[in-house]
Amino acid sequence: MSISHAPPVSEEPDISSVSVSDLDLQPLVPTSSRHARVPRWLRRTTGPVLLLALWQLLSSTGALPPDVLASPSRIARVGADMLADGSLPTAMGTSLQRVAGGLLFGLVVGTGLALLSGLFRIGEDLVDAPVQMLRTVPFVGLIPLFIIWFGIGEAPKVAIITLGVTFPLYLNVYAGIRGVDAQLIEAGESLGLSRWGLVRHVVLPGALPSAMTGLRYSLGIAWLALVFAEQVNADSGIGFLMVQARDFLRTDVIVVCLVVYAFLGLLADFIVRSLEKVLLQWRPTFTGR
């Protein structure tokens, strides 16, 4: 009688007897941070610093004459003098008031027209075609008409900024409303939401990202429109300082005013981006690697 032998049972290693010190543990490092040895703020400032250094070098060697473009050191001194005598803060305050007025009117008009055209088909039929026609007309070309209609005071300046702000805001809000997923609308209807409930809880939140993009774009157009507006018989503001500097060939003052325009535009964009982080927390986005 043959006796069968059972195959030997393989013994599993006792993991509990292995100490942590015996294991070769290596910390997990995200791929995006493995190569980020240089701080990001340093990388972002390297380009502007090198550009300023090259600019200063060309000015110091005479390759860039001051009547063509003043040196950065000269511009810094002139800017400090304008801050000290109060001319620059006064001009900034006047320009900010004009931008604020035009932006406020543009927000009301552009958003109102976009809601009317985006939410209602009859509104689209009545509003969209005229807006698209006016959008193709350069707002700078309407300056003579604005002067005839509103005079040479503050009204035409605010009207130019309003017109520049209205159209990009209208396009983005309208596109955001019409870009809402139809399945979300059906889901809201199945949950018993009324028409106003759909607009409030589905359509408007879905259109908010596009609206914020339109607001950022409108702010850029507002500063561009301000440059033209303040050269229309203005006696104050940053544009007025630039006109005076042009007449006296003061490139340093012109560059100071351009830097102020850029700084105010960057500050306004930073405010909108901060507002986006608060209002769009529900939307996960790709932040780069």
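Residues numbered from 1 in each chain as written. Predicted model: local features only at pLDDT ≥ 70, side-chain atom pairs only at ≥ 80, totals over all residues. Heavy atoms only, no water.

This paragraph deals with unusual backbone geometry. In this structure, Leu249 takes a positive phi of about 55° despite not being glycine. Position of Leu249 among the secondary structure elements: in the loop between helix H10 (238–247) and helix H11 (251–279). The class for Leu249 is exposed, based on a relative accessible area of 70%. (Helix = DSSP H or I, 4+ residues; strand = E, 2+ residues; numbered from the N terminus. Buried < 20%, exposed > 50% of the residue type's maximum accessible area, 1.4 Å probe, protein only.)

As a further point, take the packing of helix H3 (residues 72–85) against helix H4 (residues 87–119). It is at 4 Å that the axes of H3 and H4 come closest, and there the two elements cross at 80°. By the angle between their directions, the pair H3 and H4 is classed as roughly perpendicular. Taken together, the residues of H4 that come into contact with H3 (itself represented by Gly79, Met82, Leu83 and Asp85) are Ser87, Leu88 and Pro89. (Axes fitted to C-alpha atoms, helices over the stretch in contact; angles between N-to-C directions. Parallel < 35°, antiparallel > 145°, perpendicular 65-115°, else oblique. Contact = heavy atoms within 4.5 Å.)

This next bit is on the nonpolar core. Counting residues in each nonpolar core, the largest one holds 58 residues, and the members touching the most others are Met82, Leu88, Ile160, Ile161, Trp223 and Ile238. Residue assignment for this core shows that the elements contributing at least two residues are H3, H4, helix H5 (121–135), helix H6 (143–150), helix H7 (155–178), helix H9 (195–229), H10 and H11. The dominant element in this core, judged by the number of residues it contributes, is H9, at 14 residues. Contacts of Ile160, omitting those with residues within four sequence positions, involve Phe139, Ile143, Phe146, Ala225 and Ala229. (Core = buried A, V, L, I, M, F, W, Y, C linked by side-chain atoms within 4.5 Å.)

What follows deals with H5. Helix length check: H5 (15 residues) gives 20 Å between terminal C-alpha atoms against 21 Å at 1.5 Å per residue, within 8%. The largest bend along H5 reaches roughly 35° and is located at Val127, with the proline Pro130 sitting one to four residues downstream. Those residues of H5 that fall on the buried side of the exposure criterion are Gly123, Val127, Asp128 and Val131. Those residues of H5 that are buried are in contact with H4 and H7. (Expected span 1.5 Å × (residues − 1). Bend = angle between axes of the 7 residues up to and from the residue.)

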